[in-house]
Amino acid sequence: MPNMSLPPEERNLTPHQVEALDMRRRRGSMLLTLAGMFTIIAVLLTCWVGQDLQYAPGFSRPMTYYFLIACGIVLFTLVTGLYLRRGAPEIH
């Protein structure tokens, strides 16, 4: 009898499919962890971004560029991690 707490598309999976599903969810968790780490880095970079924008001449604003790159990484890993992590959790 299938586990009724699982979504209908996950009730009749083979062991190899379950292993692939668990691996996908682990990768999603890893990407969410990376998103959290880069969020902390981006928050710390905000301390210097304002000063960099105020005092740096021309386009020489490295902290601003680092901040934008960190924000891009956060958005990418967050969206990808949430997409891979979708579905029911491993342990109920």
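The structure we're discussing is the one just above.
Residues numbered from 1 in each chain as written. Predicted model: local features only at pLDDT ≥ 70, side-chain atom pairs only at ≥ 80, totals over all residues. Heavy atoms only, no water.

A short note on a nonpolar patch on the surface
A contiguous nonpolar patch, built from Met-30, Leu-34 and Met-37 and spanning about 270 Å² of accessible area, is present on the exposed surface. Residue classification places Met-30 among the partly exposed residues on the basis of a relative accessible area of 45%. (Patch = residues over 30% accessible without salt bridge, like charges linked within 9 Å, V, L, I, M, F, W, Y side chains within 5 Å. Areas by Shrake-Rupley, 256 points an atom, 1.4 Å probe, with all protein chains shown as cover. Salt bridge = Lys/Arg side-chain N within 4 Å of Asp/Glu carboxyl O. Buried < 20%, exposed > 50% of the residue type's maximum accessible area, 1.4 Å probe, protein only.)

What to know about the packing of aromatic side chains
Tallied over the entire structure, the rule returns 0 aromatic pairs. Above the plane of the ring of Tyr-83 lies Arg-86, whose end atom (NZ or CZ) is 4.2 Å from the centre. (Phe/Tyr/Trp six-rings, centres within 6.5 Å; stacked < 30°, edge-to-face > 60°. Lys NZ or Arg CZ within 6 Å of the ring centre and 35° of its normal.)

Details of the nonpolar core
Ranked by size, the top nonpolar core spans 5 residues in total: Ala-42, Leu-45, Val-49, Phe-67 and Ala-70. Going through the elements one at a time, helix H1 (15-55) and helix H2 (62-84) are the ones with two or more residues in this core. Sort the elements by how many residues they give to this core and H1 lands first, with 3 residues. Beyond its immediate stretch of four places on either side in the chain, Ala-42 contacts Phe-67, Ala-70 and Cys-71. (Core = buried A, V, L, I, M, F, W, Y, C linked by side-chain atoms within 4.5 Å. Helix = DSSP H or I, 4+ residues; strand = E, 2+ residues; numbered from the N terminus. Contact = heavy atoms within 4.5 Å.)

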